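Descriptive structure summary
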Amino acid sequence: HILLRQNKASNTDNQEVTADAQKLLDDLMAKLDNLKPKETADGCFDLVHAGHINAIRQGHAICGDDLVVAVISDKAVEAVKGPTVLKIEEDENSLISEGAPNVVVVDKYYVDEELLDEQKCDFYVHGDDPVLDADGNNTVDLLTSKNRF
């Protein structure tokens with residue numbers, strides 16, 4: 001917060017001080033907005049539950065509307081986990097109705113740097129469950145080594 005004390009200068013001087021202070025405040029707020037991270041959280045989100053909603057809520061608390069929620073396509077889920085219960089459109093609609101700010105459908109089972117860059121995201125966030133590909137490889141090792149997880 002910036003507090004200004006006005007002295008008994010002329011009205012013109014006060015307007016100049018106020019305009020200068022407003023410009024300073026606007027510049028500061030723009031810089032702070034640029035410091036806010038943009039993150040991607042992903043998941044199958046098949047049968048959205050309280051854990052999914054909590055993860056989105058926590059990501060939204062950090063990133064605001066810059067949180068990107070990547071919903072893994074049915075095809076990618078089936079290749080790793082098997083058939084889905086709901087179709088991707090239903091999962092997507094559930095997330096939107098629960099307040100997810102930016103929902104995108106991805107055709108990969110895991111998040112990589114290409115997806116982060118494509119979505120202009122700084123970091124990938126995920127719960128404490130392992131993120132493994134179809135071959136059992138930990139898919140976040142590379143992102144961890146680059147400080148993006």
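Going by the structure above, here's the rest.
Residues numbered from 1 in each chain as written. Predicted model: local features only at pLDDT ≥ 70, side-chain atom pairs only at ≥ 80, totals over all residues. Heavy atoms only, no water.

This next bit is on the sheet that holds strand β1 (residues 39–43). Sheet strands pair by backbone hydrogen bonding; their relative direction is either parallel or antiparallel. Spatially, β3-β2-β1-β4 is the arrangement adopted by the 4 strands of the open sheet, whose pairing is parallel. Of all the strands in the sheet, the pair left with one neighbour each is β3 (102–106) and β4 (123–125). Strand-to-strand, the axes of this sheet are offset by a mean angle of 30°, without reference to chain direction. Note that β1 and β4 share 3 bridges and pair parallel. Pairing of A41 across the sheet is with V125, part of β4. (Pairing = 2+ DSSP bridges. Helix = DSSP H or I, 4+ residues; strand = E, 2+ residues; numbered from the N terminus. Axes fitted to C-alpha atoms, helices over the stretch in contact; angles between N-to-C directions.)

Quick look at the pattern of salt bridges now. With the rule as written, the count across this model stands at 5 salt bridges. The residue K108 makes a salt bridge to E114 at a minimum N-O spacing of 3.5 Å. Note on E114: relative accessible area 52%, which makes it exposed. A salt bridge links R148 to E113; its shortest N-O distance comes to 3.2 Å. With R148 in the segment after α6 (141–145) and E113 in helix α5 (residues 113–118), the pair connects residues that are 35 residues apart, well separated along the chain. Under the relative-accessibility criterion, R148 is labelled buried at 12%. (Salt bridge = Lys/Arg side-chain N within 4 Å of Asp/Glu carboxyl O. Buried < 20%, exposed > 50% of the residue type's maximum accessible area, 1.4 Å probe, protein only.)

Here we take up unusual backbone geometry. Despite not being glycine, F45 shows a phi value in the positive range, around 55°. Relative to the assigned elements, F45 resides in the loop between β1 and α2 (50–63). On the basis of relative accessibility, which here comes to 5%, the residue F45 falls in the buried class. Look at K120: it is not a glycine, yet its phi comes out positive at around 55°. Residue position: K120 is located in the loop between α5 and β4. Take K120: its relative accessible area is 65%, and that puts it in the exposed class.

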